[in-house]
Amino acid sequence: MIPLKTIFETKQFKQYRTIKLTDTDKVYFLHKLTTGKRVYSVIPFLKVVEQLPLDLLGHILREAIEYTDISAPKKWMDSVSRIFTPETVQQYVLDMILATEEMRIKCRAVSILYCIGGPNLSYKKQGQGEWLPVGETVETWNGGRYERTLIEGNIEAIKDRREKYILKRMNILLTEFLKYDNLVYRYYINRYLLEKESDYPADLQPFAQKIHPIVSDINFPKGLNQTRKLRLSIQGNKSMEELLYTELNWRRLE
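Caption draft 1: A look at the overall build of the protein. Each helix and strand counted, the protein has twelve helices and three strands in total. In terms of its C-alpha atoms, the protein occupies a principal-axis envelope of roughly 60 × 55 × 30 Å. Residues counted as buried form 43% of the 254 residues belonging to the protein. Within the protein, contacts between residues at least 6 apart in sequence are counted, and of these 60% link residues at least 24 apart. Just so you have it, the protein exposes about 14100 Å², and 50% of that area is on carbon and sulfur atoms. Each charge class in the protein was averaged separately, 39 positive and 32 negative side chains, and the resulting centres sit 5 Å apart.

Below, the structure is given as structure tokens:
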């Protein structure tokens, strides 16, 4: 079997997209992931490879969390979700959030959740502009790249999968919001919260009743100019300024 090192050197990624990695291959992959151009060295491989050993997922996600430009993961997380499934990737990120007390890691982990594409219903247009759900959108190999494809299927099963996916995320984020009163962390979490208390499902209503008054307060940084509001709200708080401007790489107010 051709070594992964040779595949990277020859850039024949598409030809070996079904490769099964050996222990030596995994060591090489991790070396590429953590040195030089880091994740950008392995993106061409991630875009085409069919599957990877699960023990590499944690390393890839830590790289996403630690990457200087936290917006960059959106360029490769679709591929990671396809390889490992959205549910598995989300669970790893949520586990990272729960496993640490370090606010930098918590905020960064929460910020990459939006990059993880969950199970999504697809719709077909009917008469007079009506759209009806018909199945799920998945990525399939077309011979040259992965492309989004409609797979018709059991709508109720897809809805159930989607609901469980979202509920797991929301349950943990709502718990974290109430557990920590750090305004920066709460700002990051709030981007995933629902607008109205009544929008939450019955299982999450106890959380919503406690959280909604907090995020509805006029001083909570949300809505228009929310990033400016956050900066103003933490002025003079050394630990939060350190978190926002040094650890999370935000720019200070000019």
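Caption draft 2: Fine view of the environment of T18. Along the chain, T18 turns up in the loop between α1 (4–10) and α2 (23–34). For T18, a relative accessible area of 45% gives the class partly exposed. Considered as a pair, T18 and E50 are 32 residues apart in the sequence and their alpha carbons are 5.5 Å apart.

Caption draft 3: Seen up close, the sheet that holds strand β3 (residues 146–152). The three strands are arranged β1-β2-β3 in an open sheet whose pairing can be described as antiparallel. This sheet does not close on itself; its edge strands, each paired only once, are β1 (121–125) and β3. Between one strand and the next, the sheet's axes are offset by a mean angle of 50°, whatever the strand orientation. Relative to strand β2 (residues 131–141), β1 is paired through five bridges, and the arrangement is antiparallel. Bridge assignment links K124 to a residue of β2, and that residue is L132. Helix α8 (residues 155–179) contacts β1 and β2 of the sheet and is inclined by roughly 70° relative to β2.

Caption draft 4: Highlighting the layout of surface pockets. Its volume calculated, the largest pocket comes out at about 330 Å³. In terms of lining residues, the largest pocket is bounded by 15 residues, among which R82, P86, G117, T137 and V138 are the most central. Every element with two or more residues in the lining of the largest pocket is listed here: α5 (77–84) and β2. Tallying contributions element by element places β2 first for the lining of the largest pocket, with four residues.

Caption draft 5: Expanded view of the pattern of salt bridges. For the structure shown, the criterion picks out 15 salt bridges. Between K26 and D23 there is a salt bridge, with its nearest N and O atoms 3.7 Å apart. In this pair, K26 and D23 both sit in helix α2, three residues apart, roughly one turn of the helix. Note on D23: relative accessible area 57%, which makes it exposed. For R148, the salt bridge identified is with D78, shortest N-O distance 3.8 Å. Taken as a pair, R148 in strand β3 and D78 in helix α5 lie far apart in primary sequence, 70 residues in all. Judged by relative accessible area, which is 55%, R148 ranks as exposed. For D78, a relative accessible area of 34% translates into the label partly exposed. Through salt bridges that share partners, D23, K26 and D55 make up one connected network.

Caption draft 6: Quick look at helix α7 (residues 103–111). Within α7, nine of the nine residues are buried, which leaves the element mostly enclosed by the surrounding structure. Looking at the buried residues of α7, the elements they touch are α4 (57–66), α6 (86–98), α8, α9 (183–190) and α12 (238–247).

Caption draft 7: Examining the nonpolar core more closely. Judged by nonpolar contacts, the single largest core of 73 residues is most densely connected at F45, L52 and V184. Residue contacts for L52: discarding those within four places in its chain leaves L21, F45, L46, I60, I83 and F84.

Caption draft 8: View of the packing of α8 against helix α10 (residues 205–216). It is the contact of α8 with α10, at a shortest axis distance of 10 Å, that shows an interaxial angle of 55°. Between α8 and α10, the crossing angle belongs to the class labelled oblique. Along this stretch, α8 crosses α10, giving a crossing that reads as left-handed. Contacts from N171, L174, T175, F177 and L178 of α8 reach α10 at F207, K210, I211, I214 and V215. When the residues that make up the contact of α8 with α10 are grouped by side-chain class, the tally is seven nonpolar, two polar and one charged.

Rules used in this analysis
- Residues numbered from 1 in each chain as written.
- Predicted model: local features only at pLDDT ≥ 70, side-chain atom pairs only at ≥ 80, totals over all residues.
- Heavy atoms only, no water.
- Helix = DSSP H or I, 4+ residues; strand = E, 2+ residues; numbered from the N terminus.
- Buried < 20%, exposed > 50% of the residue type's maximum accessible area, 1.4 Å probe, protein only.
- Contact = heavy atoms within 4.5 Å.
- Areas by Shrake-Rupley, 256 points an atom, 1.4 Å probe, with all protein chains shown as cover.
- Lys, Arg positive; Asp, Glu negative; His and termini not counted.
- Charge placed at Lys NZ, Arg CZ, Asp CG, Glu CD.
- Pairing = 2+ DSSP bridges.
- Axes fitted to C-alpha atoms, helices over the stretch in contact; angles between N-to-C directions.
- 1 Å grid on protein atoms, 1.4 Å probe; cavity = no way out; pocket = protein on both sides within 12 Å on 5 of 7 lines; lining within 4 Å.
- Points joined across faces, edges and corners; volume = space filled by probe spheres on them.
- Salt bridge = Lys/Arg side-chain N within 4 Å of Asp/Glu carboxyl O.
- Core = buried A, V, L, I, M, F, W, Y, C linked by side-chain atoms within 4.5 Å.
- Parallel < 35°, antiparallel > 145°, perpendicular 65-115°, else oblique.
- Left-handed = near helix turned anticlockwise from the far one by under 90°.
- Nonpolar A, V, L, I, M, F, W, Y, C, P; charged D, E, K, R; others polar.

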